[in-house]
Structures are given as structure tokens and as C-alpha cells.
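Inside the fold
Chain by chain, the residues run as shown.
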Amino acid sequence: MRISATPERCFEKTMAKEKLERILRHSFMGNAKNLINILLSINDGVYLTDRERRIVFWNRAAEVITGYSADEVMHHFCSEDILSHTDHEGNSLCQSGLCPLNQSMLWGVPGTKPLAILARHRDGSQLAVEVSVAPLVDDKGDVIGGVEVFRDVTEKRELEEAKARFLSGVTHELRTPITVITGYLEMMMEGDAGEISEDQESFLTDCLAEVQRLEKLINDLLDLARFEATEFSVRFQIMNLAPILERVVKGYAAEAEKKGLELELHAPPIDILGDPDRLQQAFANLVANAIKYTSAGKVSVDAGVDDGWAVVGVRDTGMGMDEGELQRIFEPFYRVDDESTRSLEGSGIGLSIVRRIVESHSGEIEAESRRGEGSVFTIRLPLTPLDTMRSLEGGEGP
Ligand code: ADP
């Protein structure tokens, strides 16, 4: 979700300013020793850098988590091999324009959400970490350095992966009998077990339709459960949105053609830090809906960049919805309650999954619609995870 308040306003909100200043004046008595002691004893890894990302402070938890002592890292650039932040594909963030700490210093705003990325222990082993960043500013508001707080979430991630493995096992167990039943029903309908009467064929057709409905429901439910289980292990990597959108549109081309719909895509290359599988799932859900709920006309997917955001719109000329329905469509299991929607298969889960995916990327989703005229679903994803940057006065980038 977007935080629209300016950094200054957030800052004001998070403290009783005057009281805090009084406490700081008395307890620190003009020197920073107490503050440094607090930072040293925090249970999360904390390090501070100067403007060039040279490490000037490294607390005890940082030593424990990474295996590097403060002596070893002091005055070194954090972009050297020290923490070696990478995305989940192993691409270095330190060397790229997407280094969270560097972005935070360039834009002068803190990140709004911890980023789940990878780091490296001194012994070479990989660590899953959640990282929060913020710039350090002087009295005049000039950025003089940065601070990164990081937490080792390797165990938590292993647990989430175990849950996901369990769910995919269950998925397999539920799907296998359904595949077998479908196969036998189809064989009987084709007469492989002897000739069948008209009545028998009609009963078997109904059975097949119900089994297919059950299969779709199981898939949707398991999708939702799987997403809940792995919600916090979205695997961020540097990715280009364009090929993902191309893959989605290509995947639905035959279905659109079958319904006589035009299917268009306009997508320039747009790099973001995101999870390509999850985002593909989200866009596929929107395109599938646009085709499903449109009987004539066009479905178009348009991507672009707007003020620090990647924006993807999925537009259709379909049945549309009323204002009251629009408010509820992102709730799990909600379906518009009318004749035309009921006649189309669906479980009401797809959009709730899309919303979760978008939110896990610090993005936002909006729907506009008019009954009988069509709908447009717009996903906005921060070009970097530091989504407050666009609230900067003037909105200028580095
Ligand atoms: P499902 O399509 O499986 O019912 P979703 O969660 O994807 O579930 O969508 C929820 C509801 O929102 C749908 O049942 C439908 O009523 C409405 N909806 C979604 N997308 C569109 C669209 N492009 N046009 C019209 N109605 C839509």
C-alpha cells in the first residue's frame, strides 16, 4: 500500500517531538554515547555509512549475523564483498542502481517496507535477510549518510518453504484422483467401455462438468492457501515487466480468438525489483477475467512509467460492474451476483490473490468500471521499493 505522507510528516507523527528532544538533551548530555550504546545493543544488525557508502558503524548483532567483526568492516564500502546483497537470482544489488541504501540516500527518503533479499555470511553461506533503509540527514536536511537495519530470516524462510512444499504435496494428492475420474468419464463418453445411451451420455456430461468445476475450485483454494503460506517469501529480483506481460498475453491469445476478441499489448521494457512468477500470476488473473467477462470488442494491456511507478492497465469492453460491486470484488469469494456472472465459471478468489501479490510488492491496484461498457484494472508498482520517493517535493529523481 502506498504511503502518501511526505517523509517530514511521517517523521512528525512518529514521536512526541518536544518531549523527545528534552529526553535526548538530558540523557545524551550533548554527546552521542548513549545513542551509540542503544544502537550497539539492538538485536537486529545495524550499520551506518557515510555518503559514499563507507561503513562508519557496525553493531554487535551485525557481527553475529554476518560473522564480520566491526574492525574488519570499518571504513570499507558496504558495496564491497561484505554483505553482498543479491536478489533471489543471485544478481548483485550492491553494484546495480537498485541498491536499497543508495536509493534511499539519493532520494532522501526511508524505505517503507522491509525488503526480503539475500546476504552473505563471512563463511560464504547464504543468508535470507529483511532489510530496512533510511538516509541520515544533517540539520540543514542534507543527506550525509545512510542506515541499514537487517534481520536474519533464514529460519523463517525455511519454515515457509516447508509449508509451501507440504501444500504442493496436498495439491498433488487432491488433483491426481480428479485427473483419473476425468479420464474415465471421457473414455466412457467416447464409448470405450461399450455403447452408451443418450441419457447416460447426458449424465456423464453433467458429471464431467462438475468434476471440472471441482478441479478449478481446488486449484483456486490451494492457490490462496499457498499464497498465504509463502506470503512473506516473495522472491524479489531485478526483472523486466515487458517479457512477463508478453508471456501472459501470448498464453491467452487462443482464448481471446475463440471468443472473437481483439487482444493487444503495449509494453516497453520496464525494470523493477519484483517476483516475476507472482507478477505473472497477477497479470494472468486480470487478463483471464477481462476475456471471461467480455463477449465482444477488445482487451488491451498497456504498460508505462509514471512518476516513479511502473503502471500496467488491463482494459476490456465487457460487461462492467456497478460502483457498489467494485468496492467488494477484491474480497475473497466475492462474485457479482447477477445472471451473466453466474453463467460464467469462477470462485471469486482470483482478484483477492492479485491484491495480495500487488501489496507484497508495495504496489497498489485500482479498478474502474461502468456496467455495460467495460472495466479497467490498473496495477502500480514502485520502480524501486522506496515508494515514498514520489511524494518528495518536486518529485525529482536522481
Ligand atoms: P472469479 O472471476 O473467479 O469469479 P475474481 O476474484 O477474479 O473471481 O473476480 C471477482 C468478481 O469480480 C467476478 O466474479 C466478477 O463478478 C468481477 N469481475 C472481475 N473482473 C471483471 C471484469 N474484467 N469485468 C467485469 N467483472 C469482473
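See the structure printed just above.
Here is what the cut-offs are and how they apply
Residues numbered from 1 in each chain as written. Predicted model: local features only at pLDDT ≥ 70, side-chain atom pairs only at ≥ 80, totals over all residues. Heavy atoms only, no water. Near = heavy atom within 4 Å. Polar contact = N/O pair within 3.5 Å; in protein donor to acceptor, adjacent residues only side chain to side chain. Helix = DSSP H or I, 4+ residues; strand = E, 2+ residues; numbered from the N terminus. Nonpolar A, V, L, I, M, F, W, Y, C, P; charged D, E, K, R; others polar. Pairing = 2+ DSSP bridges. Axes fitted to C-alpha atoms, helices over the stretch in contact; angles between N-to-C directions. Contact = heavy atoms within 4.5 Å. Patch = residues over 30% accessible without salt bridge, like charges linked within 9 Å, V, L, I, M, F, W, Y side chains within 5 Å. Areas by Shrake-Rupley, 256 points an atom, 1.4 Å probe, with all protein chains shown as cover. Salt bridge = Lys/Arg side-chain N within 4 Å of Asp/Glu carboxyl O. Expected span 1.5 Å × (residues − 1). Bend = angle between axes of the 7 residues up to and from the residue. Buried < 20%, exposed > 50% of the residue type's maximum accessible area, 1.4 Å probe, protein only. Lys, Arg positive; Asp, Glu negative; His and termini not counted. Core = buried A, V, L, I, M, F, W, Y, C linked by side-chain atoms within 4.5 Å.

The ligand sits among 19 residues. The nearest are N289, Y293, D316, R335 and L351. Between the ligand and Y293, the relevant distance is 2.7 Å, taken from an oxygen atom to a side-chain nitrogen or oxygen of the residue. A distance of 2.8 Å is found between an oxygen atom of the ligand and a backbone nitrogen or oxygen belonging to L351. Breaking the shell around the ligand down by element, the ones donating at least two residues are α10 (276-292), α13 (350-360) and β12 (374-382). Of the residues belonging to the shell around the ligand, the class tally is nine nonpolar, seven polar and three charged.

The strand order across the open sheet built from five strands is β2-β1-β5-β4-β3, with neighbouring strands paired in antiparallel fashion. A single partner strand is all that each edge strand has here, and the edge strands are β2 (55-58) and β3 (115-120). Here the strands of the sheet are splayed against their neighbours by 35° on average, with no regard to which way each runs. The strands touched by helix α6 (residues 100-107) within the sheet are β1 (45-50), β3, β4 (126-137) and β5 (143-152), with β4 carrying the most contacts at an inclination of about 15°. Of the strands in this sheet, β3, β4 and β5 touch helix α7 (residues 154-189), which is tilted by about 130° from β4.

Our focus in this paragraph is a nonpolar patch on the surface. Judged by side-chain polarity, V180, Y184, M187 and M188 come together as a nonpolar surface patch covering roughly 380 Å² of accessible area. Residue placement: M188 occurs in helix α7.

Attention now goes to helix α9 (residues 241-258). Between the first and last C-alpha of α9 there are 27 Å, a value that for 18 residues agrees with the 26 Å anticipated at 1.5 Å per step. Of all the bends in α9, the greatest measures close to 40° and is centred on Y252. Among the residues of α9, L241, A242, I244, L245, V248, V249 and A256 are the ones counted as buried. Here α9 starts with a cap whose side-chain oxygen sits 3.0 Å from the backbone nitrogen of A242, and that cap is N240. Looking one or two residues beyond α9, the residue adopting positive phi is G260, at roughly 75°.

In this structure the tally under the stated criterion is 13 salt bridges. Linking R213 and E210 is a salt bridge whose minimum nitrogen-to-oxygen distance equals 3.4 Å. Remark: E210 and R213 occur in helix α8 (residues 198-229); sequence separation between them is three residues, near one turn of the helix. Note on E210: relative accessible area 44%, which makes it partly exposed. Across the pair E364 and R380 runs a salt bridge, and its minimum N-O distance is 3.6 Å.

This paragraph deals with the sheet that holds strand β9 (residues 298-306). One open sheet accounts for five strands, arranged β7-β9-β10-β12-β11; its pairing is mixed. The sheet terminates laterally at β7 (262-266) and β11 (364-370), the two strands that pair on one side only. Taking each pair of neighbouring strands and ignoring which way they run, the sheet shows an average axis angle of 15°. Sheet topology note: the β7/β9 ladder contains five bridges and is parallel. Bridging across to β9, L265 finds its partner in V301.

Looking now at the side chain of D316. Following the sequence through the fold, D316 ends up in strand β10 (residues 309-316). With no salt bridge to any partner, buried D316 finds its closest opposite charge in R315, at an N-O distance of 8.9 Å. One polar contact links the side chain of D316 to the main-chain amide nitrogen of G318, over a distance of 2.9 Å. Each residue touching D316, except ones within four places of it in the same chain, is listed here: A290, T294, K298, V299, E373, G374 and S375.

Turning our eyes to something else, we now look at the nonpolar core. Core analysis: the largest hydrophobic core is formed by 42 residues, its most contacted members being L241, I272, F283 and I329. Sorting the residues of this core by element identifies α9, α10, β9, β10, α13 and β12 as the ones contributing at least two each. Broken down by element, the residue count for this core peaks at eight residues, all from α10. When residues no more than four places from it in sequence are discounted, the contact partners of I272 are Q237, I238, M239, L241, L279, A310, L381, P382 and L383. Counting 26 residues, the second-largest nonpolar core is a separate cluster that includes L93, M105, A119 and V129.

What follows concerns the side chain of S375. Mapped onto the elements of the fold, S375 is located in strand β12. Classification of S375 as buried rests on a relative accessible area of 7%. Here S369 takes part through its side chain, which lies 2.9 Å from a polar atom of the side chain of S375. Setting aside its immediate chain neighbours within four residues, S375 contacts V314, R315, D316, G320, M321, E368 and S369.

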